Amino acid sequence: MLRTRSINLPTNLRRPETVTRLRGPRNGEKPPTTRILGIDPGLARTGYGLIESDLAEGGQCLKLVEGGILRGKETLPLPDRLKALHGGLAEILAEYRPEIIVIEDLFSTYAHPRSALMLAHARGALILAVGQANLPLHTFTPNEVKQVVTGNGHATKTNVQSAVKARLRITAPLHPPDLADALAIAICYAVRSDIGRRLS
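Residues numbered from 1 in each chain as written. Predicted model: local features only at pLDDT ≥ 70, side-chain atom pairs only at ≥ 80, totals over all residues. Heavy atoms only, no water.

Trainee: Help me out: how do you make sense of the confidence of the model for the protein chain in this one?
Mentor: Scored by pLDDT, the protein chain comes out at a mean of 81, with 76% of its residues at no less than 70. Confidence over residues 1-19 falls short of pLDDT 50; this stretch has 60 contacts with residues more than four positions distant or in other chains. (pLDDT = per-residue confidence, 0-100. Contact = heavy atoms within 4.5 Å.)

Trainee: For this particular structure, what's the right way to read the packing of helix H3 (residues 142-150) against helix H4 (residues 157-168)?
Mentor: Packed helices, taken two at a time, are described by the angle their axes make and the gap between the axes. With their axes 9 Å apart at the nearest point, H3 and H4 run at an angle of 50° to one another. Taken as axis vectors, H3 and H4 run oblique relative to one another. You can see that H3 and H4 cross each other, and the crossing is left-handed. On the side of H3, the interface is formed by Lys146, Val148, Val149 and Thr150, while H4 contributes Asn159, Val160, Ala163, Val164 and Arg167. For the contact of H3 with H4, a count of residues per class yields five nonpolar, two polar and two charged. (Axes fitted to C-alpha atoms, helices over the stretch in contact; angles between N-to-C directions. Helix = DSSP H or I, 4+ residues; strand = E, 2+ residues; numbered from the N terminus. Parallel < 35°, antiparallel > 145°, perpendicular 65-115°, else oblique. Left-handed = near helix turned anticlockwise from the far one by under 90°. Nonpolar A, V, L, I, M, F, W, Y, C, P; charged D, E, K, R; others polar.)

Trainee: Would you take a moment to explain the nonpolar core for this structure?
Mentor: Generally speaking, soluble globular proteins have nonpolar side chains that are buried together. Among the nonpolar cores identified, the biggest contains 30 residues, and Ile36, Ile51, Val149, Val164, Leu168, Leu183 and Ile187 are the most heavily contacted of them. Among the elements of the structure, strand S5 (59-71), strand S6 (100-104), H3, H4 and helix H5 (177-199) are those that each provide at least two residues to this core. No other element matches H5, which puts 11 residues into this core. Among the nonpolar cores identified, the runner-up in size contains 21 residues, and Leu89, Tyr96, Ile103 and Ala129 belong to it. (Core = buried A, V, L, I, M, F, W, Y, C linked by side-chain atoms within 4.5 Å. Buried < 20%, exposed > 50% of the residue type's maximum accessible area, 1.4 Å probe, protein only.)

Trainee: How should the pattern of salt bridges be read in this particular structure?
Mentor: When charged atoms on two side chains of opposite charge get close, those side chains can pair. This model, assessed by the stated rule, comprises six salt bridges. In this structure, the salt-bridge partner of glutamate 52 is arginine 35, at a minimum N-O distance of 3.4 Å. Residue glutamate 52 is located in strand S4 (residues 45-56), and its partner arginine 35 is located in strand S3 (residues 34-40); the two are separated by 17 residues in the primary sequence. The pair formed by glutamate 52 and arginine 35 is uniform in burial state, with each residue classed as buried. One salt bridge in this structure joins aspartate 178 and arginine 45, with 2.8 Å as the shortest N-O distance. A residue pair is termed long-range when its members are at least 10 positions apart, and aspartate 178 in helix H5 and arginine 45 in strand S4 qualify at 133 residues. (Salt bridge = Lys/Arg side-chain N within 4 Å of Asp/Glu carboxyl O.)

Trainee: Even after reading the chapter, I still don't get the pairing of S3, so can you show me in this structure?
Mentor: Each regular strand carries side chains that alternate between the two faces of the sheet. Of all the seven residues making up S3, seven are buried; the element is thus mostly covered by neighbouring parts of the structure. What you see with S3 is no split at all: Thr34, Ile36, Gly38 and Asp40 on one side and Arg35, Leu37 and Ile39 on the other are buried throughout.

Trainee: How should the side chain of aspartate 178 be read in this particular structure?
Mentor: Taking relative accessible area as the criterion, aspartate 178 reaches 11% and is therefore assigned buried. Not counting residues up to four positions away in its chain, the partners in contact with aspartate 178 are Asp40, Arg45, Gly47 and Ile69.

Trainee: How should the packing of helix H1 (residues 78-96) against helix H2 (residues 113-132) be read in this particular structure?
Mentor: Interaxial distance between H1 and H2 falls to 9 Å at its minimum, and their mutual angle equals 35°. In the packing of H1 onto H2, the handedness of the crossing is right-handed. Between H1 and H2, the contacting residues are Leu78, Leu82, Leu85, His86, Leu89, Ala90 and Leu93 on the first element and Met118, His121, Ala122, Ala125, Leu126, Leu128, Ala129, Val130 and Gln132 on the second. In terms of residue class, the contact of H1 with H2 is made up of 13 nonpolar, three polar and no charged.

Trainee: What's the story with the side chain of glutamate 52 in this structure? I'm lost.
Mentor: By relative accessible area, which is 12% here, glutamate 52 ends up buried. Separated by 3.4 Å, the side chains of glutamate 52 and arginine 35 make a polar contact. (Polar contact = N/O pair within 3.5 Å; in protein donor to acceptor, adjacent residues only side chain to side chain.)

Trainee: How should I be thinking about the pairing of S6 in this particular structure?
Mentor: Burial within S6 is extensive, with five of its five residues counted as buried. The two faces of S6 match: Ile100, Val102 and Glu104 on one face and Ile101 and Ile103 on the other face are all buried. Across four bridges, the pairing between S3 and S6 is parallel. Counterpart to isoleucine 36 in the pairing with S6 is isoleucine 100. As judged from the four bridges shared by S6 and strand S7 (residues 137-140), these two strands associate in the parallel manner. When the sheet's bridge partners are listed, valine 102 is paired in S7 with histidine 138. (Pairing = 2+ DSSP bridges.)

Written out as structure tokens, the structure is:
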């Protein structure tokens, strides 16, 4: 179920202004084998998606735990926007205690260098939160994620959203695309790990 919650920003900016959340069912099932948090970094919007990966006999079962968007006021100075992103992710890490963090890697080239610089700032603030929580961090390029999740390294946003919904058995719309991208990043790690286990 999609849920939007407006939060008044305190002076310390612990949580970004708005968090849009998508939650999986809570039906008392056994604890997860592995909790994986995917992060699609951005200064205006950062998508995050938490899944449980249960490697049972006969294949892999992935379940949605939490997904959403961290947003901060665009009118804030850059240091405050980065502080808000950092604080928002730190709260999610403390609340849900994922075991693996996966963040989208930077492209090698960008058409708009300033946009790339802003993205790098946001990514750095998010990685700092992960480092302070002493959690393992992994990265994938966007094309790697698309290839694993859809079978096409140049898949469209719509293709990625459809593949994520099918994998996690989600019926609610995944909007904005940052949410689907973050879940896709988490799924990519789960699938790659499963392949590695089966080949070892």
